[in-house]
Amino acid sequence: MNDLILALVAFCVLLLLVALGLLWRVRALAQRLDDADFQNRSLSSTYGRITEQWFPLMEAYPYDPQQFRFLGSPLDGVQFEEDRIVFIEFKTNRSRLSKRQQRLRELIEAGEAGSFSFREWNRLNWVHVFLVSFFGSSSAFSVGIFGQGS
């Protein structure tokens, strides 16, 4: 009877060791699967960033590709037409608009896009350009004199 109990205990210990070994193996395989999934998503993202630069050159692109200007972020680019300006975001596979891109789309569709011209070129800029070109680019130097980086 003791031999039977000892054999059952040994069998249970063996089963427990086999189960722990299988659990360890399953976890290792799950980690490899997660790593492969991450690499696949990363490659998909890289593929998307590369191909989106070629989309304006495809036959199916509905606009003149010579009038497209690539931005990259937060939108892929701007298409300049004679009667309008079109903000373009290319998507591949199952990719979706980011929250920021969704917000930009909402603002554009609501007519909240605007224009702005900025010109700031005075004598201090000329002095700054001269000093930087003469003494070399030095952020500490230009910050100390003009309050801005070079």
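Caption draft 1: A look at the pairing of strand β2 (residues 77-80). For strand β1 (residues 68-70) and β2, the ladder comprises three bridges, and the chain directions are antiparallel. Within β2, the position partnered with F68 by the bridge is Q79. Where β2 meets strand β3 (residues 85-88), four bridges bridge the pair, whose relative direction is antiparallel. Bridge assignment links V78 to a residue of β3, and that residue is F87. Counted between consecutive antiparallel strands, the loop separating β2 from β3 contains four residues.

Caption draft 2: Local environment of the side chain of Q101. Looking at the secondary structure, you find Q101 in helix α2 (residues 99-109). A relative accessible area of 10% places Q101 in the buried class. Of note is the side chain of Q101, whose polar atom sits 2.9 Å from the backbone oxygen of P74. A polar contact of 3.3 Å, which involves the side chain of Q101, links it to the side chain of K91. Setting aside anything within four residues of it in sequence, one finds Q101 in contact with P74, L75, E89, K91 and R96.

Caption draft 3: How the structure looks around the side chain of Q79. Assignment of secondary structure puts Q79 in strand β2. Here the side chain of Q79 touches D64 through a polar contact of 2.8 Å, landing on its backbone oxygen.

Reading the values: the criteria
- Here the residue numbers are simple positions, counted from 1 along each chain's written sequence.
- Note on the predicted model: pLDDT of at least 70 is required for a residue's local features to be given, and 80 or more for side-chain atom pairs to be given and counted; whole-chain, interface and lining totals, by contrast, use all residues.
- Water and hydrogen atoms play no part in the side-chain values, which are based on all heavy atoms of the structure.
- Paired strands are those between which DSSP finds at least two bridges.
- Only runs of H or I of at least four residues qualify as helices and only runs of E of at least two qualify as strands under DSSP, and these elements are numbered from the N terminus.
- Burial status follows relative accessibility: with a 1.4 Å probe on protein chains alone, a residue under 20% of its type maximum counts as buried, one over 50% as exposed, and anything between as partly exposed.
- Residues adjacent in sequence count toward polar contacts only when both atoms are side-chain atoms; beyond that, a polar contact is any pair of N or O atoms within 3.5 Å, and within protein one must be able to donate a hydrogen and the other to accept it.
- We call two residues contacting when some pair of their heavy atoms lies within 4.5 Å.

In short, the description is geometric, and any link to function would need to be established separately.
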